[in-house]
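Architecture and fold: a report
Residues per chain, in single letters:
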Amino acid sequence: MLIQSVFLGLLALASGLVGVDAGARKTPKGFVTTKGTKFQLNGKDFYFAGTNAYYFPFGDNGTDVELGMKAATAAGLKVFRTWGFFDKNVTFDPRGLPKYGGEGAGPSKVYFQSWDHGKPSINYGPTGLQAFDKVVRTAEKTGIKLVVALTNNWADYGGMDVYTVNLGGKYHDDFYHMPKIVKAYKNYLKVFINRYKHSPAIMSWQLANEPRCGADGVRNLPRSADCDDKRISAWVKDISAYIKKLDPYHLVSTGSEGEFNFPNRSDDWAYSSGNGGDFYKELSLPNVDYGTFHLYPDWWSKTSAWGTQWVKDHATAQYKLGKPVVFEEYGWLTPEKRLEYLGKNSTEHRIPVVGEWQRTAVQQKLAGTLYWQFGFSGYSYGRNHDDGFTIYLDNKEEADVLVVKHARDMDALNRKG
Ligand SMILES: *[C@@H]1O[C@H](CO)[C@@H](O)[C@H](O)[C@H]1NC(C)=O
Ligand SMILES: *[C@@H]1O[C@H](CO)[C@@H](O)[C@H](O)[C@H]1NC(C)=O
Ligand SMILES: *[C@@H]1O[C@H](CO)[C@@H](O)[C@H](O)[C@H]1NC(C)=O
Ligand SMILES: *[C@@H]1O[C@H](CO)[C@@H](O)[C@H](O)[C@H]1NC(C)=O
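Since the model is a prediction, treat every value here as computed from it, not as a measurement. (Residues numbered from 1 in each chain as written. Chains lettered and ligands numbered in written order. Predicted model: local features only at pLDDT ≥ 70, side-chain atom pairs only at ≥ 80, totals over all residues. Heavy atoms only, no water.)

1. Describing the state of the cysteines
Throughout the structure, instances matching the rule amount to one disulfide. The side chain of C213 participates in a disulfide bridge whose partner is C227; the two sulfur atoms lie 2.1 Å from each other. Taking the sign of the torsion about the S-S bond as the criterion, the disulfide between C213 and C227, at about -75 degrees, is left-handed. Note that C213 is positioned in the loop between β10 (202–206) and α6 (229–246) and C227 in the loop between β10 and α6, a separation of 14 residues in sequence. Each member of the pair, C213 as well as C227, is classed as buried. (Disulfide = S-S within 2.5 Å. Helix = DSSP H or I, 4+ residues; strand = E, 2+ residues; numbered from the N terminus. Buried < 20%, exposed > 50% of the residue type's maximum accessible area, 1.4 Å probe, protein only.)

Here is the structure:
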């Protein structure tokens, strides 16, 4: 009897420490938190619309970032997702891998980590982390929250394969399990995250942009024969726990495209873990605070209606797992770029297609949405690059509906509870 009540008392104490003290009470002011399927900020619900501007740190111009963030704020956007990585070799071998260097933001003096035949060095200087400091300080000043991806599945700005080629790996997915590579990535995470762990401008640390078993057949290392959801989920578990140990108060997310692993859906790669994703398994992990999914029917050979169902299926997961889910990249090509990239025409246009996905997200009360990508014409260099998906704020026809109205609709959820 006595033993039992002491035991129960200890249990209550333990759960109190984990559930209440370490969570709600000590989380610093101005940090985004989660409560069930919602985000919260300063004790209030925080449903948001936002966007992606991966290029913010690479322009190395705080004034430009501030102009962009202020214009976005005026349009009702609250969150920006951006890149917290740029890895490159000290000497670039044009026949080597990965084939970085042809990115949309153009040549950039900025890089965060360089590699010399297997030896990494972090760039702390003005063309290194100090360029990212400007993005964080500007977000603090303008009240924008940042989602920061910390490496890339793809060759743009270096990413996973720079670690792998430098540390003796052969396959793209060696990044997820070769001990030397995992350790090198953790060393980078430690420096980057410790530098900003006190900033309320950081909403979330993100494991990678679109982690997959494989990548680009031309610009990246090949996929091995034995990569599957077990390898990816084990990595998500390990890295999310590592980040929480460094920084227990910022949220952690995967940055994944949201693949499901349903045994009854082998007809569709996106529902049958074609690239190693398992949305339910990854989001069930204790250190993954919210789920993410992306949507590009043009790249994925899907229809716009398939996309609407994709949004609904992720909303279902949000409620089943009881954690927020963010629709964090989505786009529909312009007719010109569709013809250029894919040699195809479509009778469907961006405003109705994207508008339908957004209406679905609002109806289902997804926790947040971030369109790809933020277009602004007032930078010192003019307009940012159009990758075919960019929505420019000064394109009133698109921006009035897909940016301003959608942001208002998401914000209205904060008053409905
Ligand atoms: C980068 O360096 C590694 C190791 O020296 C090499 O294997 C790889 O080909 C290089 N890649 C590029 C693009 O320079
Ligand atoms: C397939 O499996 C998923 C997950 O178990 C389930 O939610 C869904 O209803 C199933 N679909 C069909 C068509 O049986
Ligand atoms: C797409 O439409 C353009 C303009 O109407 C036309 O010239 C072209 O042949 C079409 N291309 C394809 C692949 O259907
Ligand atoms: C940074 O941007 C501001 C405003 O857009 C511009 O006036 C300034 O010249 C830019 N600085 C550099 C170094 O390009």
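2. Things to note about the site of ligand 1
Around ligand 1 lies a shell formed by N89, T91, F92, D93, G96, L97, P98, H117, V165 and N166. In the model, an oxygen atom of ligand 1 is placed 2.7 Å from a nitrogen or oxygen of the D93 main chain. For ligand 1, a nitrogen atom lies 3.0 Å from a polar atom in the backbone of L97. Considered on its own, ligand 1 offers 360 Å² of accessible surface; in the complex 79% of this is hidden by protein. (Near = heavy atom within 4 Å. Polar contact = N/O pair within 3.5 Å; in protein donor to acceptor, adjacent residues only side chain to side chain. Areas by Shrake-Rupley, 256 points an atom, 1.4 Å probe, with all protein chains shown as cover.)

3. Some remarks on the side chain of Q206
With respect to the secondary-structure elements, Q206 resides in strand β10. Only 2.7 Å separates the side chain of Q206 from the side chain of R81, close enough to count as a polar contact. Separated by 3.0 Å, the side chains of Q206 and S253 make a polar contact. Not counting the four nearest positions on each side in its chain, Q206 is found in contact with R81, V147, V148, A149, L150, Y185, S253, T254, G255, Y290, T292 and E328. (Contact = heavy atoms within 4.5 Å.)

These figures come from the coordinates and say nothing about function on their own.
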